[in-house]
Amino acid sequence: MGLTKQYLRYVASAVFGVIGSQKANIAYVTLRGGEKGRYVAVAACEHVFIWDVRKGEKVLILQGQKHEVTFLCPSPDGIHIAVGYEDGAVRIFSLMNGENNVSFNGHKSAVSVIHYDKLGARLVTGSKDTDVIVWDIINECGLYRLRGHKDVITQALFLKDKNLLVTSSKDSFVKWWDLDTQHCFQTMVGHRSEVWGMVLLKQENRLLTGSADSELRAWDINYLQQEKAEGEPEVKKGKTLLDDDEEENEDEAEESLEERILSCKKAGSILREARDRVVSLTSDTKARVIACHGNDSVLELFTVLSEEEVQKKMTKKMKKAKKKAAKAQEDAGEEAAEPMVERMLKDEIIRLTNIKASSKIRWVDCLSCAGGELKVALLLQNNTVETYTLKPSDKTPTANKTARLTLGGHRTDVRTLAFSTDNLAVLSASGDTVKVWNRSTLQVIRTMACEYALCSLFVPGDRQIILGTKSGKLQIFELASGSLLETVDAHGGALWSLCLAPDQRGIVTGSADKTVKFWDFELIKDEGSSQKRLTVKHTRTLQLEEDVLCVKLSPDHRLLAVSLLDCTVKVFYTDTLKFFLSLYGHKLPVLCLDISHDNTLIATGSADRNVKIWGLDFGDCHRSMFAHDDSVMFLQFVPKTHLFFTAGKDKKIKQWDADKFEHIQTLEGHHREVWCLTISPNGDHIVSASHDKSLRLWERTREPIILDEEREMEREAEFEESMAKGDVPVVPGETQGEAAPAGKKTVETVKAAERIMEALELFREEARKMEEHKYACERAGKEVPLPKPNPILVAFGNVTPSRYVLDVIKKVRSSELEVSLLVLPFPYVPELLTLFNSYIQQGLEVELVCRCLFFLLKIHFGQISSNQMLVSVIDELRNNTLSKVREIRDVMGFNSAALQFLQREIESKEDVMFFAEATGQLKEKKKKRRRRERAILTIA
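Residues numbered from 1 in each chain as written. Predicted model: local features only at pLDDT ≥ 70, side-chain atom pairs only at ≥ 80, totals over all residues. Heavy atoms only, no water.

A. Molecular detail of a nonpolar patch on the surface. Together, Leu899, Phe901, Leu902 and Ile906 make up a nonpolar patch on the protein surface, roughly 390 Å² of accessible area in all. Along the polypeptide, Leu902 turns up in helix α10 (residues 871–910). (Patch = residues over 30% accessible without salt bridge, like charges linked within 9 Å, V, L, I, M, F, W, Y side chains within 5 Å. Areas by Shrake-Rupley, 256 points an atom, 1.4 Å probe, with all protein chains shown as cover. Salt bridge = Lys/Arg side-chain N within 4 Å of Asp/Glu carboxyl O. Helix = DSSP H or I, 4+ residues; strand = E, 2+ residues; numbered from the N terminus.)

As structure tokens, this is what we get:
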């Protein structure tokens, strides 16, 4: 076997340059022992960054996997944060250590909203697939899926004291759901267009909605009290584990069905200053301040007055009206009617102030702090986070900007990248700034203002950098001082390409003004000081017929390759500028090209999505390869090799072998078009820049790539993806209704079902072996040595086959258990039921077994009840389950009583009170003291 070429794998190392992605919202979080309003969580492509806004530093990264983050919601206790992703997954991270311990899979597309209930025990998620799912966080499973909306869900809120949910959508409806019966009991149809946001105010007696116009509509909610005949006993409701003693108020009077729980009436509307749609609408936790904004840079703040404040206002109004009426009476000299003052919505919700941000706002979050201070965090559309504080209680509240996170990223897309010769510094330039980064720490070393940059390079020695701009200028910067040394008017059109001469004494530039110019580096005396500074001197010009898109000098300085707008690449001799070769074959212009280190090959990437490899001796095309699904934006050879990388508008970076014409690997990670990349001079690192505002660092590892294995892995990944997209398993006899199971078929659930099936088959095999052994013993009339147990059972510590099945079921994630059992074929069920019976008798994992048992009975009811063989098993299960569950309940009751007894004992011994009671008693004491003081005052 001949020697094969070894390729080394490049892996993703870090994401930097992004401060906050636009897709997901911004949220205030509290870290352990940290103060309120100091930390904000924002999405950064597939990760979540927690920023300390005071220091402007990243303090925690919550690692994602592949899909972009689309929504963030911190838990009420501030210990966890729920993160929704583009693929519909929801993960819950701990803010203590950044670990992800709970995952939910139920939506088919991006999660658009997440909210916790008051206790933090349930989670509601809405998605682009129009479904709303309620999850149980404690049990780590889905409770139910609510269907009814016809477009993206924009908001979903639990009510604090009632087991109700209210959801809004782009289908212009707001729906009210009764979670006890899981049905929609009221749909509000008062909006003419999409409902983009929604908040609950006034102890949840008012709903404020924002839609596509400048009105914020307010709705009064009346909860109808349950009217009982005197002396009638309370009807006890069966409660699920999560119902927090919430009694549903249902009126049994002669009303329409939807009027039984609550009624909604329009209370009026507030006008915003902005004319366009509401982009986001939010309130602080106490619902005293409302913040909303449109597609512009102005945030509008409103304050909700308390009942007392409204009453004071109304009394003042009444006095004014009475004065006016009295005056009118005097003038007219006749008896006037008693003046009436109507209470309007504008008396309850008043405009507080406007905050003008430095750019368009994308998301907002508010936080009320101690001392009546309001903190506002804004995520802007240009990769910036700004925070403001204001005092709503002031007569004219003004917002003060407290922080602005801009240093760690560019405001616009990075269009050019370059590595320094020592592999340590990376240059990135965008439409307004150029930044130099330390590659190992990913910190910004220098930020300098520049014009719209299109190409760049480090001058040999790494002390200066040169940029080519859209206006045709060359800008020279000095890194030590971070200053602009000189701006040279080099071309009359956009300067698309820069190339360093192989002798490192000059540069070549190509521009849209149809010229290629040669420049030499020169040191000249600075007029202001005695020191010398770098400049460039124009030496030669090559005039062409078409716009120049890319230029490259061959490493031996013999040839110059120029890509033109007429889709050809012309090659000239460098010394005489005489024409040598024309490389034609691309159907669209060549956007990038590179020449190999030994001057033998030239690779060209074009907007026609192809990459062509040519020989430089005769200009023959060695191979044309379909490289990307969109334009090839950048191409570069790895130094000292015939391997090259291409970057495309299809979000991918690919590595190719120019000798064997093979695709080696694909680097996936960017979520938008990749504009450019740069490879370090030693070939160990790559940095790429994309339209998703992120810069990504990739590292070369020592792990070799075997191409056949790589292709096999790609095929497997494709198959797994198609398997998850297959038909949803159907429950026999179940019709599509408003409520449905929460889970969804994924690769994990299919694998889990397969593992359960394998375990059951192993159990069958072992049972058969034992039967044969028993039969052999009977025939021989003596004890025959036991058959060898299955190696798997030995590996798990010689467990019994039935115990092994239970272990396998225990290892299935709680959130995936139901769907795994749903996928399980029926022939395996009778065996499982017999096993469940033995587990319950032994008291093994009774809760888990009961959960599986009830689910299987529910979905296979028809087949189980018609199977005569299972009658005895089911009967035994009924008796055993009831007795065991009663036992467990008794143990829990006993433990609870014992703990209460211990609490009382400790209190009586140490005169210590537990916290909740202590605070209650403190309030009582204060009340008594106040009463006493009042009594003394009255006596005095």
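There is more to say, and it comes next.
B. Broad picture of the pairing of strand β51 (residues 643–648). Among the six residues of β51, six are classified as buried, and the element is accordingly described as predominantly covered. Where burial is concerned, the two faces of β51 agree: the one with Leu643, Phe645 and Ala647 and the one with Phe644, Thr646 and Gly648 are both buried. Direction of pairing for strand β50 (residues 632–637) relative to β51: antiparallel, over a ladder of five bridges. If you follow Phe634 over to β51, its bridge partner there is Ala647. Following β50, the chain reverses through five residues before pairing antiparallel with β51; Lys640 in that reversal takes a positive phi of roughly 65 degrees. In sequence, β51 turns back onto strand β52 (residues 652–657) through a hairpin of three residues, with Lys651 there showing a positive phi of about 75 degrees. (Buried < 20%, exposed > 50% of the residue type's maximum accessible area, 1.4 Å probe, protein only. Pairing = 2+ DSSP bridges.)

C. Structural context of the nonpolar core. With 40 residues, the main nonpolar core has Val805, Ile809, Leu833 and Phe836 as its most contacted residues. When residues in this core are grouped by element, the largest group, nine residues, is from helix α8 (residues 846–859). Within the second largest apolar cluster, 28 residues are counted, among which are Phe71, Val102, Ile114 and Trp177. (Core = buried A, V, L, I, M, F, W, Y, C linked by side-chain atoms within 4.5 Å.)

D. Local environment of the pairing of strand β27 (residues 374–380). In terms of burial, β27 is a largely internal element, seven of the seven residues being buried. Alternating positions in β27 separate into two faces, Leu374, Val376, Leu378 and Leu380 on one and Lys375, Ala377 and Leu379 on the other, with burial throughout. Both strand β26 (residues 361–368) and β27 contribute to a ladder of seven bridges, which runs antiparallel. Note on β27: the bridge partner recorded for Leu367 is Lys375. Connecting β26 to the next strand, β27, in antiparallel fashion are five residues, including Gly371 with a positive phi near 80 degrees. Bridge count between β27 and strand β28 (residues 384–390): seven bridges; the pairing is antiparallel. For Leu380, the partnering residue across the bridge sits in β28 and is Thr384. Between β27 and the antiparallel strand that follows it, β28, lie three residues; Asn383 among them carries a positive phi value of about 65 degrees.

E. A look at the confidence of the model for the protein chain. With 92% of its residues at a pLDDT of at least 70, the protein chain reaches an overall mean of 87. Between residues 227–255, whose pLDDT stays under 50, and residues either more than four places distant or in other chains, the model counts 46 contacts. (pLDDT = per-residue confidence, 0-100. Contact = heavy atoms within 4.5 Å.)

F. Region of the structure containing the packing of α8 against α10. Across the interface, α8 lies against α10 with an axial gap of 11 Å and an inter-helix angle of 140 degrees. Regarding the angle of α8 to α10, the classification is oblique. In the crossing of α8 with α10, the sense of the turn from one axis to the other is left-handed. On α10, the residues touching Val846, Cys850, Leu853, Phe854 and Leu857 of α8 are Ile874, Leu877, Thr881, Lys884, Val885 and Ile888. Of the residues in the contact of α8 with α10, the class split is nine nonpolar, one polar and one charged. (Axes fitted to C-alpha atoms, helices over the stretch in contact; angles between N-to-C directions. Parallel < 35°, antiparallel > 145°, perpendicular 65-115°, else oblique. Left-handed = near helix turned anticlockwise from the far one by under 90°. Nonpolar A, V, L, I, M, F, W, Y, C, P; charged D, E, K, R; others polar.)

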